[in-house]
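So you can see what is in the structure, the chains are spelled out below.
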Amino acid sequence: MKIFYSPTSPYSNKVRMAARYAGISAESVLTDTNGNPQDLIASNPLGKIPTLVTSEGKAIYDSRAIMHFIDRETKGKLYPRNAEKRTDVEMLEALCDGICDCLLAIVYEKRFHPPEKIHQPWIDRQWEKACRGLDLLNANLPKTGAKLHAGHFALAALLRYIEVRFSGEWQKGRPKLKNWPQKFEKFFPDYAQFKV
Ligand SMILES: N[C@@H](CCC(=O)N[C@@H](CS)C(=O)NCC(=O)O)C(=O)O
């Protein structure tokens, strides 16, 4: 089994941390999507990471499909069995991934446009969405203990990404969110290995 990934990709970090936690062993294949690598595109026409390829050669994307695959393979290590609790975890994951979508839209707007074509109102709109999401997270952090779930990994991946790309721009007024990674790391010491 292998996972095409990049250390800066939050969705890749989410699935790689979750795979580690659930006990799935997969080779991590460092991938630069900008170069349109043929081995990635052969598995995923969208050319996006993460993409998981099983030992039988079956490709699985996107990150949430991979999370559900890992969950099935490990008999429920990532999502609660109880339907209501599962929905809560899936919502937390959707919120964290959605904030990453906004942050990535900002990064790509700047990266893939010449300076005169960068549209600041689009950036502002994405940042507003991200900020509303971060406020909601700050006020509703998940209980964090020895038993982790998909939402914890999505949150951990988001906070690592925002710290890399928007360092110092997001912590003000969100002290609980700012301190959450230290708590998470106590229960998932491997978090240190997912630093860029
Ligand atoms: N919804 C997808 C998003 C994946 C995604 O956008 N990955 C980025 C890296 S963080 C990527 O592959 N970008 C390259 C591209 O879009 O060409 C998921 O959850 O896996």
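Along each chain, numbering runs from 1 in the same order as the chain's sequence is written. Given that the model is predicted, a residue must reach a pLDDT of at least 70 before its local features are reported, and side-chain atom pairs must reach 80 or more before they are shown or counted; all residues, however, enter totals for whole chains, interfaces and linings. Only hydrogens and water are set aside; all other atoms, that is, all heavy atoms of the structure, feed into the side-chain values.

Quick rundown of the pairing of strand β2 (residues 27-30)? Include the residues and the values.
The pairing criterion for strands is at least two bridges between them, as found by DSSP. We count a stretch as a helix when DSSP gives it H or I for four or more residues in a row; a strand needs E for two or more, and each element gets its number in order from the N terminus. Of the pairings in the sheet, the one linking strand β1 (residues 2-5) to β2 comprises four bridges and is parallel in character. Bridging from a neighbouring strand, I3 pairs with S28 of β2. When the strands point away from the viewer and the path from the first strand over the helix to the second turns clockwise, the crossover is right-handed. Assessed by its sense of winding, the connection that carries the chain from β1 through helix α1 (residues 10-22) to β2 is right-handed.

Account for the packing of α1 against helix α4 (residues 83-112), with residues named and values stated.
Here α1 crosses α4 at 150°, and the two axes come no closer than 10 Å. By the angle class used here, α1 and α4 are roughly antiparallel. Of α4, the residues touching α1 (which contributes P10, Y11 and K14) are E93, D97, C100, D101 and L104. For the contact of α1 with α4, the per-class residue count stands at four nonpolar, no polar and four charged. Angles shown run from 0 to 180 degrees and are taken between the N-to-C directions of axes, each axis being a line fitted to C-alpha atoms and, for helices, limited to the stretch in contact. Between 65 and 115 degrees an angle is taken as roughly perpendicular, under 35 as roughly parallel, over 145 as roughly antiparallel, and anywhere else as oblique. Any pair of residues with heavy atoms lying within 4.5 Å of one another is described as a contacting pair. Under the grouping applied here, Gly and all other residues not named as nonpolar or charged are polar, the nonpolar ones being Ala, Val, Leu, Ile, Met, Phe, Trp, Tyr, Cys and Pro and the charged ones Asp, Glu, Lys and Arg.

Any chance you could break down the site of the ligand for me, citing the residues and the numbers?
Only heavy atoms are used to decide nearness, and a residue is near a molecule or strand if one of them lies within 4 Å of it. Surveying the vicinity of the ligand reveals the residues S9, P10, Y11, T33, K48, I49, P50, D62, S63, L104 and Y108. Interatomic distance of 2.6 Å between a side-chain N/O atom of S63 and an oxygen atom of the ligand. Take Y108: an N or O atom from its side chain is 2.8 Å from a nitrogen atom of the ligand. Values of accessible area rely on a 1.4 Å probe in the Shrake-Rupley scheme; residue burial ignores everything except the protein chains shown. Relative to its unbound accessible area of 510 Å², the ligand is 79% covered by the protein chains. When contributions to the shell around the ligand are tallied by element, the ones reaching two or more residues are α1 and α4. In terms of residue class, the shell around the ligand is built from six nonpolar, three polar and two charged. Under the rule applied, a polar contact is a pair of N or O atoms within 3.5 Å (in protein, one hydrogen donor and one hydrogen acceptor; residues adjacent in sequence only if both atoms are side-chain atoms).

Before we move on, can you summarise the packing of aromatic side chains with the specific residues and values?
Aromatic rings from Phe, Tyr and Trp, taking only the six-membered ring of Trp, are treated as a pair when their centres fall within 6.5 Å; an angle between ring planes under 30 degrees marks them as stacked, one over 60 as edge-to-face, and anything in between as tilted. The tally for this structure, following the rule as stated, stands at nine aromatic pairs. Working rule: Lys NZ or Arg CZ, within 6 Å of ring centre, within 35 degrees of ring normal, means a charge sits over the ring. The ring of Y5 is capped by R16, whose NZ or CZ atom sits 3.9 Å from the centre of that ring. Across the ring face of Y191, the terminal group of R160 is positioned such that the distance to the ring centre comes to 3.7 Å.

Describe in detail the domain arrangement of the protein, supporting the description with residues and values.
Per the domain assignment, the segments of the protein are domain 1 (2-73) and domain 2 (83-188). Tallying the contact residues gives 15 residues for domain 1 and 21 residues for domain 2. The quantity reported as buried area is the accessible area (1.4 Å probe) lost by two parts once they are put together, taken as the sum for both. In this assembly, domain 1 packs against domain 2 so that about 1,500 Å² is buried in total across both faces, 61% of it on carbon and sulfur atoms. Considering only the side of domain 1, the residues that lose the most area to domain 2 are Y11, M17 and Y21, jointly responsible for 37% of the buried surface there. The salt bridge definition used is simple: a Lys or Arg side-chain nitrogen within 4 Å of an Asp or Glu carboxyl oxygen. In this structure, the connection of domain 1 to domain 2 is made through four salt bridges. All domain edges in this entry derive from an automatic or database-based domain assignment.

Let's hear about the state of the cysteines: which residues, and what values?
Linking two cysteines covalently via their sulfur atoms produces the bond known as a disulfide. By disulfide we mean two sulfur atoms from cysteines, separated by a distance within 2.5 Å. Inspection of the entire model under this criterion finds zero disulfides. Considering cysteine sulfurs only, C100 is the nearest to C102, which forms no disulfide, with 9.1 Å between them. Accessible area is worked out with a 1.4 Å probe on protein chains only. A residue is then buried under 20% of its type maximum, exposed over 50%, and partly exposed in between. The buried category is assigned to C102, whose relative accessible area is 9%. C131 takes part in no disulfide bond, and the closest cysteine sulfur to it belongs to C102, at a distance of 9.7 Å. On the basis of relative accessible area, C131 is assigned to the buried category, the value being 16%.

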